[in-house]
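# Architecture at a glance
In case you want the letters, here they are:
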Amino acid sequence: MEIKTCVSTAYRLVYNQPSALVGRTDVASVTPWSAPIIWEGTFDPTLIDSIYKQQNLTIATTVFALGKYTRFIKDFLESAEQHYLVGFRVHYYLFTDQPESVPEVKMGENRSLTVLTVQSLNRWQDISMNRMEKLEKLIENELVREADYIFCLDIDGKFYGRWGAESLGRLVGVIHPWFYNFQRNQFTYERRPESLAYIPAGEGDYYYAGAAFGGTLEDVLNLTKTCREHLNIDAANSIEALWQEESHLNKYFLLNKPSKLLSPEYMWRGINIGAAQIKIVRLANVPKNYAEVRPNP
Ligand SMILES: CC(=O)N[C@H]1[C@@H](OP(=O)(O)OP(=O)(O)OC[C@H]2O[C@@H](n3ccc(=O)[nH]c3=O)[C@H](O)[C@@H]2O)O[C@H](CO)[C@H](O)[C@@H]1O
Ligand SMILES: [Mn+2]
(Lines give C-alpha, C1' and ligand atoms only; values in the text may rest on other atoms or scores of the structure.)
(Ligands and ions follow the chains in the order given, each with its own letter.)
Protein backbone atom coordinates (compact mmCIF):
# COMPACT_ATOMS: atom_id res chain seq x y z
CA MET A 1 0.00 0.00 0.00
CA GLU A 2 1.26 3.42 -0.86
CA ILE A 3 1.44 5.86 1.99
CA LYS A 4 0.68 9.40 0.99
CA THR A 5 2.23 12.14 3.04
CA CYS A 6 0.63 15.55 3.32
CA VAL A 7 3.84 17.26 4.42
CA SER A 8 5.14 19.39 1.58
CA THR A 9 8.70 18.46 0.74
CA ALA A 10 9.40 22.12 0.00
CA TYR A 11 9.57 22.81 3.74
CA ARG A 12 11.52 19.74 4.77
CA LEU A 13 14.77 20.41 6.52
CA VAL A 14 17.09 17.75 7.82
CA TYR A 15 18.76 18.48 11.14
CA ASN A 16 19.94 16.68 14.26
CA GLN A 17 17.33 15.44 16.67
CA PRO A 18 16.95 17.85 19.60
CA SER A 19 17.61 16.26 22.96
CA ALA A 20 15.40 16.74 25.99
CA LEU A 21 18.32 15.60 28.13
CA VAL A 22 21.61 16.82 26.77
CA GLY A 23 22.72 20.44 26.46
CA ARG A 24 25.60 22.70 27.48
CA THR A 25 26.63 21.87 31.03
CA ASP A 26 29.32 24.55 31.53
CA VAL A 27 26.98 27.54 31.21
CA ALA A 28 23.38 28.40 32.06
CA SER A 29 21.15 28.52 29.00
CA VAL A 30 18.00 29.79 30.71
CA THR A 31 17.27 32.55 33.27
CA PRO A 32 15.15 32.05 36.43
CA TRP A 33 12.29 33.75 34.51
CA SER A 34 12.61 31.22 31.69
CA ALA A 35 14.26 33.41 29.08
CA PRO A 36 16.83 31.63 26.92
CA ILE A 37 20.49 32.62 27.19
CA ILE A 38 22.04 32.14 23.78
CA TRP A 39 25.41 30.36 23.68
CA GLU A 40 27.10 28.43 20.92
CA GLY A 41 25.70 24.90 21.02
CA THR A 42 22.25 25.88 22.31
CA PHE A 43 20.68 26.41 18.87
CA ASP A 44 20.82 25.04 15.35
CA PRO A 45 21.78 27.93 13.03
CA THR A 46 20.22 26.45 9.90
CA LEU A 47 16.98 25.56 11.64
CA ILE A 48 16.60 28.90 13.35
CA ASP A 49 17.33 30.86 10.16
CA SER A 50 14.76 28.85 8.22
CA ILE A 51 12.09 29.63 10.82
CA TYR A 52 12.76 33.38 10.82
CA LYS A 53 13.30 33.64 7.03
CA GLN A 54 9.64 32.83 6.42
CA GLN A 55 8.67 36.03 8.25
CA ASN A 56 10.25 38.47 5.75
CA LEU A 57 11.76 40.58 8.51
CA THR A 58 13.51 43.93 8.51
CA ILE A 59 16.06 44.54 11.26
CA ALA A 60 17.01 48.17 11.94
CA THR A 61 20.51 48.50 13.35
CA THR A 62 21.78 51.72 14.87
CA VAL A 63 25.32 52.92 15.54
CA PHE A 64 26.86 56.26 16.52
CA ALA A 65 30.25 57.57 15.37
CA LEU A 66 31.08 61.05 16.62
CA GLY A 67 34.47 62.74 16.83
CA LYS A 68 37.33 60.28 16.41
CA TYR A 69 35.02 57.27 16.54
CA THR A 70 34.44 57.62 12.79
CA ARG A 71 37.60 55.50 12.43
CA PHE A 72 35.61 52.45 13.57
CA ILE A 73 32.88 52.70 10.90
CA LYS A 74 34.63 50.83 8.08
CA ASP A 75 35.57 47.68 10.01
CA PHE A 76 32.24 47.61 11.78
CA LEU A 77 30.16 47.75 8.59
CA GLU A 78 32.41 45.53 6.49
CA SER A 79 32.52 42.82 9.14
CA ALA A 80 28.76 43.13 9.73
CA GLU A 81 28.19 42.48 6.06
CA GLN A 82 30.14 39.23 6.48
CA HIS A 83 28.55 37.97 9.70
CA TYR A 84 25.56 39.97 10.92
CA LEU A 85 22.09 38.64 10.10
CA VAL A 86 23.31 37.46 6.73
CA GLY A 87 20.39 36.75 4.38
CA PHE A 88 18.04 39.11 6.23
CA ARG A 89 16.94 42.64 5.35
CA VAL A 90 19.10 44.94 7.46
CA HIS A 91 18.83 48.72 7.51
CA TYR A 92 21.73 50.45 9.26
CA TYR A 93 21.23 53.92 10.73
CA LEU A 94 24.53 55.68 11.39
CA PHE A 95 24.50 58.86 13.47
CA THR A 96 27.57 61.03 12.96
CA ASP A 97 28.78 64.62 13.19
CA GLN A 98 30.94 64.10 10.07
CA PRO A 99 28.77 62.64 7.29
CA GLU A 100 31.54 63.41 4.75
CA SER A 101 33.87 60.98 6.50
CA VAL A 102 31.60 57.93 6.17
CA PRO A 103 33.48 55.44 3.96
CA GLU A 104 32.00 53.66 0.97
CA VAL A 105 31.08 50.14 2.07
CA LYS A 106 29.71 47.59 -0.36
CA MET A 107 26.35 46.37 0.93
CA GLY A 108 24.82 43.01 0.15
CA GLU A 109 21.38 42.44 -1.32
CA ASN A 110 18.56 43.85 0.84
CA ARG A 111 21.02 45.78 2.98
CA SER A 112 21.13 49.56 3.22
CA LEU A 113 22.71 52.40 5.16
CA THR A 114 21.16 55.72 6.15
CA VAL A 115 23.50 58.39 7.52
CA LEU A 116 21.96 60.84 10.01
CA THR A 117 23.80 64.01 10.94
CA VAL A 118 23.89 64.99 14.60
CA GLN A 119 25.67 67.69 16.58
CA SER A 120 28.81 66.78 18.40
CA LEU A 121 28.97 67.01 22.18
CA ASN A 122 31.96 67.91 24.34
CA ARG A 123 31.99 64.99 26.78
CA TRP A 124 32.08 61.29 25.87
CA GLN A 125 29.61 60.70 28.69
CA ASP A 126 27.12 63.03 26.97
CA ILE A 127 27.70 61.40 23.57
CA SER A 128 27.06 57.98 25.08
CA MET A 129 23.99 59.01 27.12
CA ASN A 130 22.47 61.12 24.37
CA ARG A 131 22.06 57.99 22.27
CA MET A 132 18.92 57.06 24.24
CA GLU A 133 17.13 60.25 23.19
CA LYS A 134 18.27 60.00 19.57
CA LEU A 135 17.12 56.37 19.42
CA GLU A 136 13.78 57.19 21.01
CA LYS A 137 13.08 59.87 18.40
CA LEU A 138 14.25 57.70 15.48
CA ILE A 139 12.03 54.79 16.53
CA GLU A 140 9.03 57.00 17.28
CA ASN A 141 9.25 59.08 14.10
CA GLU A 142 10.42 56.56 11.53
CA LEU A 143 11.06 52.99 12.49
CA VAL A 144 7.85 51.87 14.18
CA ARG A 145 6.29 51.30 10.76
CA GLU A 146 9.45 50.34 8.87
CA ALA A 147 11.17 47.56 10.79
CA ASP A 148 10.26 44.49 12.84
CA TYR A 149 13.27 44.40 15.15
CA ILE A 150 16.06 46.75 16.14
CA PHE A 151 19.56 46.34 17.56
CA CYS A 152 21.44 49.31 19.03
CA LEU A 153 25.18 48.71 18.99
CA ASP A 154 28.46 50.45 19.86
CA ILE A 155 30.58 51.34 16.81
CA ASP A 156 33.90 50.21 18.32
CA GLY A 157 33.27 46.56 17.56
CA LYS A 158 34.10 44.10 14.83
CA PHE A 159 32.24 40.92 13.87
CA TYR A 160 34.23 37.67 13.63
CA GLY A 161 31.49 35.03 13.72
CA ARG A 162 27.82 34.50 13.05
CA TRP A 163 25.31 36.85 14.71
CA GLY A 164 22.08 35.42 13.33
CA ALA A 165 18.33 35.10 13.86
CA GLU A 166 18.89 33.35 17.20
CA SER A 167 19.45 36.88 18.56
CA LEU A 168 15.94 38.09 17.72
CA GLY A 169 13.35 38.51 20.46
CA ARG A 170 10.88 40.89 22.07
CA LEU A 171 13.41 42.45 24.47
CA VAL A 172 17.05 41.40 24.21
CA GLY A 173 20.00 42.15 26.51
CA VAL A 174 23.63 41.11 26.29
CA ILE A 175 25.54 39.86 29.34
CA HIS A 176 28.54 42.17 29.80
CA PRO A 177 31.82 40.37 28.97
CA TRP A 178 33.63 41.54 32.09
CA PHE A 179 30.99 40.55 34.66
CA TYR A 180 29.41 37.25 33.60
CA ASN A 181 31.22 35.34 36.37
CA PHE A 182 30.91 37.97 39.13
CA GLN A 183 28.74 38.07 42.23
CA ARG A 184 26.01 40.69 41.93
CA ASN A 185 27.36 42.74 44.82
CA GLN A 186 30.47 43.32 42.67
CA PHE A 187 28.48 44.53 39.65
CA THR A 188 29.11 48.20 38.80
CA TYR A 189 25.44 49.12 39.23
CA GLU A 190 24.65 52.65 40.41
CA ARG A 191 24.69 52.41 44.21
CA ARG A 192 23.52 55.90 45.21
CA PRO A 193 19.81 56.00 46.10
CA GLU A 194 19.61 59.57 44.71
CA SER A 195 19.86 58.22 41.16
CA LEU A 196 16.94 56.59 39.35
CA ALA A 197 19.45 53.95 38.21
CA TYR A 198 19.94 52.86 41.85
CA ILE A 199 20.08 49.13 42.50
CA PRO A 200 20.66 48.21 46.15
CA ALA A 201 23.08 45.50 47.30
CA GLY A 202 21.41 42.10 47.25
CA GLU A 203 19.36 42.88 44.13
CA GLY A 204 20.00 42.47 40.41
CA ASP A 205 20.12 39.60 37.94
CA TYR A 206 23.02 40.02 35.52
CA TYR A 207 25.20 42.96 34.53
CA TYR A 208 24.13 43.93 31.02
CA ALA A 209 26.31 45.69 28.45
CA GLY A 210 25.31 49.17 27.37
CA ALA A 211 27.00 48.48 24.05
CA ALA A 212 24.25 46.21 22.67
CA PHE A 213 20.52 45.79 23.23
CA GLY A 214 17.53 45.20 21.02
CA GLY A 215 14.07 43.80 20.50
CA THR A 216 10.84 44.80 18.85
CA LEU A 217 10.36 48.47 18.02
CA GLU A 218 7.66 48.84 20.63
CA ASP A 219 9.75 47.35 23.43
CA VAL A 220 12.94 49.20 22.53
CA LEU A 221 10.94 52.44 22.24
CA ASN A 222 9.76 51.95 25.80
CA LEU A 223 13.31 51.17 26.94
CA THR A 224 14.90 54.21 25.27
CA LYS A 225 12.09 56.52 26.38
CA THR A 226 12.32 55.37 30.00
CA CYS A 227 16.12 55.61 30.10
CA ARG A 228 16.03 59.06 28.46
CA GLU A 229 13.47 60.30 31.00
CA HIS A 230 15.48 58.91 33.91
CA LEU A 231 18.74 60.41 32.57
CA ASN A 232 16.99 63.80 32.37
CA ILE A 233 15.58 63.56 35.89
CA ASP A 234 19.01 62.57 37.24
CA ALA A 235 20.59 65.54 35.40
CA ALA A 236 18.01 67.90 36.89
CA ASN A 237 19.02 66.53 40.30
CA SER A 238 22.72 67.03 39.47
CA ILE A 239 23.55 63.33 39.52
CA GLU A 240 25.11 61.27 36.72
CA ALA A 241 24.95 57.51 37.12
CA LEU A 242 28.31 55.72 37.37
CA TRP A 243 28.08 54.25 33.85
CA GLN A 244 25.58 56.70 32.42
CA GLU A 245 22.96 55.05 30.18
CA GLU A 246 24.42 51.61 30.89
CA SER A 247 23.45 52.05 34.57
CA HIS A 248 19.92 53.07 33.59
CA LEU A 249 19.69 50.17 31.14
CA ASN A 250 20.60 47.78 33.96
CA LYS A 251 17.87 49.25 36.15
CA TYR A 252 15.39 48.97 33.27
CA PHE A 253 16.24 45.30 32.69
CA LEU A 254 15.89 44.58 36.41
CA LEU A 255 12.31 45.90 36.34
CA ASN A 256 11.48 44.78 32.76
CA LYS A 257 13.02 41.34 32.31
CA PRO A 258 14.48 40.69 28.86
CA SER A 259 12.74 37.89 26.97
CA LYS A 260 16.09 36.72 25.62
CA LEU A 261 19.70 37.14 26.76
CA LEU A 262 22.73 36.92 24.54
CA SER A 263 25.91 35.46 26.03
CA PRO A 264 29.16 37.47 26.04
CA GLU A 265 29.96 35.80 22.68
CA TYR A 266 27.86 38.67 21.29
CA MET A 267 30.01 41.46 22.83
CA TRP A 268 33.33 39.91 23.67
CA ARG A 269 36.30 41.68 25.33
CA GLY A 270 38.63 41.40 22.35
CA ILE A 271 39.43 38.92 19.62
CA ASN A 272 42.71 37.85 21.24
CA ILE A 273 41.23 37.22 24.66
CA GLY A 274 40.02 33.72 25.50
CA ALA A 275 37.82 32.14 28.17
CA ALA A 276 36.78 28.54 28.70
CA GLN A 277 33.08 29.21 28.04
CA ILE A 278 33.62 31.23 24.87
CA LYS A 279 33.54 28.73 21.98
CA ILE A 280 33.09 31.43 19.33
CA VAL A 281 33.61 35.19 19.25
CA ARG A 282 30.78 36.77 17.26
CA LEU A 283 31.43 40.45 17.95
CA ALA A 284 34.48 41.76 19.81
CA ASN A 285 35.47 45.18 21.08
CA VAL A 286 38.22 46.82 19.07
CA PRO A 287 41.09 47.91 21.35
CA LYS A 288 41.30 51.66 21.72
CA ASN A 289 43.44 54.23 23.48
CA TYR A 290 40.80 55.96 25.57
CA ALA A 291 42.91 59.09 26.16
CA GLU A 292 43.54 59.50 22.45
CA VAL A 293 40.11 58.67 21.03
CA ARG A 294 37.77 60.38 23.51
CA PRO A 295 37.19 64.16 23.62
CA ASN A 296 37.75 64.36 27.43
CA PRO A 297 39.34 62.20 30.14
C1 LIG B 1 30.97 46.91 26.47
C2 LIG B 1 30.14 48.04 27.01
O3 LIG B 1 29.01 47.84 27.36
N4 LIG B 1 30.71 49.26 27.06
C5 LIG B 1 30.12 50.47 27.65
C6 LIG B 1 31.21 51.29 28.29
O7 LIG B 1 32.44 51.53 27.59
P8 LIG B 1 32.97 51.69 26.07
O9 LIG B 1 34.44 51.82 26.13
O10 LIG B 1 32.48 50.59 25.21
O11 LIG B 1 32.34 53.08 25.58
P12 LIG B 1 32.68 53.78 24.19
O13 LIG B 1 33.88 54.64 24.35
O14 LIG B 1 32.73 52.77 23.12
O15 LIG B 1 31.42 54.73 23.99
C16 LIG B 1 30.15 54.19 23.63
C17 LIG B 1 29.76 54.58 22.19
O18 LIG B 1 29.48 55.98 22.11
C19 LIG B 1 29.89 56.48 20.84
N20 LIG B 1 30.95 57.49 21.01
C21 LIG B 1 31.58 57.67 22.21
C22 LIG B 1 32.55 58.67 22.36
C23 LIG B 1 32.89 59.49 21.27
O24 LIG B 1 33.75 60.38 21.31
N25 LIG B 1 32.25 59.27 20.08
C26 LIG B 1 31.30 58.31 19.92
O27 LIG B 1 30.75 58.15 18.83
C28 LIG B 1 30.38 55.27 20.02
O29 LIG B 1 29.29 54.73 19.32
C30 LIG B 1 30.83 54.33 21.12
O31 LIG B 1 30.88 53.00 20.64
O32 LIG B 1 30.69 52.48 28.88
C33 LIG B 1 30.06 53.35 27.98
C34 LIG B 1 29.72 54.66 28.66
O35 LIG B 1 28.79 54.54 29.66
C36 LIG B 1 28.88 52.63 27.37
O37 LIG B 1 27.90 52.30 28.32
C38 LIG B 1 29.39 51.40 26.66
O39 LIG B 1 28.38 50.77 25.99
MN1 LIG C 1 32.33 50.63 23.07
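Under an unreviewed UniProt entry, the name given to the protein is Globoside alpha-1,3-N-acetylgalactosaminyltransferase 1, and the source organism is Labeo rohita. In the Sequence similarities (unreviewed entry) part of its UniProt record, the protein is described as follows: "Belongs to the glycosyltransferase 6 family." Checking UniProt for the protein, the heading Cofactor (unreviewed entry) contains the comment "Mn(2+)".

### Focus: helix α2 (residues 73-83)
Among the residues of α2, Ile 73, Phe 76, Leu 77 and Ala 80 are the ones counted as buried. Viewed along the axis of α2, the buried residues span an arc of 90 degrees, placing them on a single side of the element. Summarising the contacts, the buried residues of α2 are in contact with β2 (58-65), β3 (89-96) and β6 (157-159). Within two residues after α2, Leu 85 carries a phi angle of roughly 45 degrees, on the positive side.

### Digging into the pairing of strand β7 (residues 171-175)
Remark: a regular strand shows side chains that alternate across the two faces of the sheet. For β7, the buried fraction is high: five of the five residues fall into the buried class. Of the two faces of β7, the one holding Leu 171, Gly 173 and Ile 175 and the one holding Val 172 and Val 174 are both buried throughout. Strand direction decides the pairing type here: β7 and strand β8 (residues 208-216), joined by four bridges, are antiparallel. Within β8, the residue paired with Leu 171 across the bridge is Gly 215. Pairing geometry for β7 and strand β9 (residues 260-262), over three bridges, is parallel. By the bridge assignment, Val 172 is partnered in β9 with Lys 260.

Cut-offs applied
Residues numbered from 1 in each chain as written. Chains lettered and ligands numbered in written order. Predicted model: local features only at pLDDT ≥ 70, side-chain atom pairs only at ≥ 80, totals over all residues. UniProt positions renumbered as here; feature names shortened; annotations may be inferred. Buried ≥ 20, exposed ≤ 12 C-beta atoms within 10 Å, placed from the backbone. Helix = DSSP H or I, 4+ residues; strand = E, 2+ residues; numbered from the N terminus. Arc of directions from axis to C-beta. Contact = placed C-beta atoms within 7 Å. Pairing = 2+ DSSP bridges.

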